[in-house]
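# Residue-level structure breakdown
Spelled out from the first residue to the last, the chains are:
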Amino acid sequence: MNVRRIANASCLLLSVTISSVSFAAAQAGGQPSVAAIRAACQDDAQKLCAGVQPGGGRVVACLKEHKDSLSDQCKQAAGLAASPGSGSAPVAASAPATSAGPANVPSKASTTASPSKAPTTGAASTIGGEKFVEQVIADTEHGGMRAATIHIPEKWHFESKIEWHYDRLEVPLIFSSHAENPDNAEAYFQYPLLRAEIVDVSPQWKQYTTVNKNKPGDRLPTGAIWSAPIPPMQALAKFIQQVRPNAANLKWIGQQDLPDLAKALKMDPWPNDHGVAIKIGYDLNGQPVEEAFFGVYYITKKGSDAVSLGQLSMAAGAMQQTNWGFRALQSMRAPAGTLDKRMPMFCVIAKSIYVNPEWIRLTKAINDQLMADFNQKMKQGWDQIRAAQAIMEQTMRQQAAFQANFDKQEEAFRNSGGVDDSFLRDGGKRSAADHWDDLIRGVDTVNDPSTGGTTQLSNLGQYHFTDGFGNYRTSDNPNYTPESAGEVGSWQLMTAAQ
């Protein structure tokens, strides 16, 4: 694909500059410094006035228009009264699509919040001719707690979904949302965190991984996808094919590297962050549309520690785990030929996302608890392995000692002149080892006229009889005969096999 401009993607990377600020209400408390106001109100300008062209006092006018929605720090810097009971200033953030997870976890393994239209709160505001309203993204698993808010055009339909999977250590939280214009094909999509991983094992240890039946694309119990890493642009292209599998007349319009996308979205840095974007075109309901996809790619590799357990010893790095994927995955769609013009409106939506700090603390507590439980189980597993190894080694030592003592006694028995072992040296076909085997197993080997060969019977009785038809009787009484005991047939005493 040729590198082309992706629907004015630079709007996601540009911060709004406040060239001058002047609040009439600030006069009563003395004129605050412009630098202080600029610093304190930067986030408010990005959130509330992202679609306003800087310069000419337009940003200042926009902030004045939304003075009731300003953060406390901005109001204080401008000399305005802070809102009673309000929290900290909102910070533009990426969608809450990160691995996280809860303390006090409910007992059920997973919960899905059914998609529903989120409640609307806050006053509507007009930005760039479009009336925006705040939509609440609620975590229904935790009492409907406000997880985040987002501003979208008032007439658009909006749905969000938060799923908790407490049995998935690496991806316990799945978040997604989308907003759509009922009048045309315009839409904004947020996608869940994409987490993939693969483990490479040194050849000498592959024999222990033959039970691994994972195939590329399988979801692991941890929640991650089993897959070898793919370069960022190729990975995003593959993701697009998965989320738009039936797109008619799909066309790849262009792609663009956005190395500072994570920073622009004010995301915490992850290893080897790299933003990318791809623009495609296709037909939707018979009409041509364009859609721009954005994502922050990450990748990290880590080798295993050295492990020594009994006779096993694994050098450091014998196993390599690679974790990679995308976060802040999102896309903007519009009728063909209008996406570039509507991109400022989409940027207002993308930059308006505000994640509730209390909910962030909750997700961190959940994740910490899940990790602590996992580490505890891992420790128990290693302790059990070590205990089993110790038992096995002790058993092997006991068996070796028994065998050594047995060999010593057998040698002494054979070489002792004062011991009559003639019954073990009968000169026949059966060896001394055969007799020892009979003694250990508790049997006598006797000639059997029924078969013309030999038969082994319990040595609990000294005298063995057969009727020649496969029936046997054994007794310790020298005067016993089967006939005297009422048995029918002709019985004869069996002789010891030689």
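Here goes a summary of the coordinates provided.

Definitions and limits used
Residues numbered from 1 in each chain as written. Predicted model: local features only at pLDDT ≥ 70, side-chain atom pairs only at ≥ 80, totals over all residues. Heavy atoms only, no water. Helix = DSSP H or I, 4+ residues; strand = E, 2+ residues; numbered from the N terminus. Buried < 20%, exposed > 50% of the residue type's maximum accessible area, 1.4 Å probe, protein only. Contact = heavy atoms within 4.5 Å. Phe/Tyr/Trp six-rings, centres within 6.5 Å; stacked < 30°, edge-to-face > 60°. Pairing = 2+ DSSP bridges. Disulfide = S-S within 2.5 Å. Core = buried A, V, L, I, M, F, W, Y, C linked by side-chain atoms within 4.5 Å. Salt bridge = Lys/Arg side-chain N within 4 Å of Asp/Glu carboxyl O.

### What to know about the overall build of the protein
Check the secondary structure of the protein and you find 8 helices and 22 strands. For the protein, buried positions account for 41% of its 498 residues. Across the protein, the fraction of contacts at a sequence separation of at least 24, relative to all contacts at a separation of at least 6, is 64%.

### Considering the packing of aromatic side chains
One pass over the structure, following the stated rule, counts 9 aromatic pairs. Seen from their ring centres, Phe189 and Tyr191 are 6.2 Å apart, and the 15° between their planes marks the pair as stacked. Residue classification places Tyr191 among the buried residues on the basis of a relative accessible area of 10%. Judged by centre distance (5.7 Å) and plane angle (70°), the ring pair of Phe465 and Tyr480 falls under edge-to-face. You can see Phe465 sitting in strand β20 (residues 463-466) and its partner Tyr480 sitting in the loop between β21 (472-475) and β22 (492-493), a full 15 residues away along the chain. The pair Phe465 / Tyr480 is uniform in exposure class, with both members buried.

### What about the pairing of strand β13 (residues 287-303)?
The sheet contact formed by strand β12 (residues 274-284) and β13 spans 11 bridges and is antiparallel. Bridge pairing in β13 places Val276 opposite Gly295. In sequence, β12 turns back onto β13 through a hairpin of 2 residues, with Asn285 there showing a positive phi of about 55°. Across 14 bridges, β13 lies against strand β16 (residues 319-335) in antiparallel orientation. The partner of Glu290 across the bridge, within β16, is Ala334.

### Notes on the environment of Lys263
Note on placement: Lys263 falls in helix α5 (residues 261-264). A residue is classified by how much of its surface remains accessible, and Lys263, at 70% relative accessible area, is exposed.

### Section: the state of the cysteines
Enumeration over the complete set of coordinates arrives at 2 disulfides. Paired by a disulfide, Cys41 and Cys74 hold their sulfur atoms 1.9 Å apart. Its S-S torsion of about 95° marks the bond between Cys41 and Cys74 as right-handed, since a negative value means left-handed. Taken together, the positions of Cys41 in helix α1 (residues 34-48) and Cys74 in helix α3 (residues 72-77) put the pair 33 residues apart, joining distant regions of the chain. The exposure classification of Cys41 matches that of Cys74, with both residues buried.

### Description of the sheet that holds β21
The strands making up a sheet associate through hydrogen bonds between their backbones, and the pairing can be parallel or antiparallel. Reading across from one edge, β21-β20-β22 is the order of the 3 strands in this open sheet, with antiparallel pairing throughout. Among the strands making up the open sheet, the edge pair consists of β21 and β22. As paired strands, β20 and β22 are joined by 2 bridges and run antiparallel to one another. By the bridge assignment for β22, Thr466 is matched with Gln492.

### Quick look at the nonpolar core
Among the nonpolar cores identified, the biggest contains 41 residues, and Ile150, Ile162, Tyr188, Phe294, Met332, Phe346 and Ile349 are the most heavily contacted of them. Among the elements that line this core, the one with the most residues is helix α6 (residues 339-351), at 8 residues. By size, the runner-up hydrophobic cluster in this structure holds 24 residues, among which are Ala185, Phe189, Phe239 and Tyr297.

### Describing the pattern of salt bridges
As enumerated under the stated definition, the model contains 16 salt bridges in all. Residue Asp340 pairs with Lys279 through a salt bridge whose shortest N-O separation is 3.5 Å. Here Lys279 lies in strand β12 and Asp340 lies in helix α6, a separation of 61 residues in the sequence. Given a relative accessible area of 29%, Asp340 falls into the partly exposed group. The salt bridge partner of Lys364 is Asp368, with a shortest N-O separation of 2.9 Å. On the criterion of helical spacing, the pair formed by Lys364 and Asp368 is a turn pair, its members being 4 residues apart in helix α7 (residues 357-415). For Lys364, a relative accessible area of 52% translates into the label exposed.

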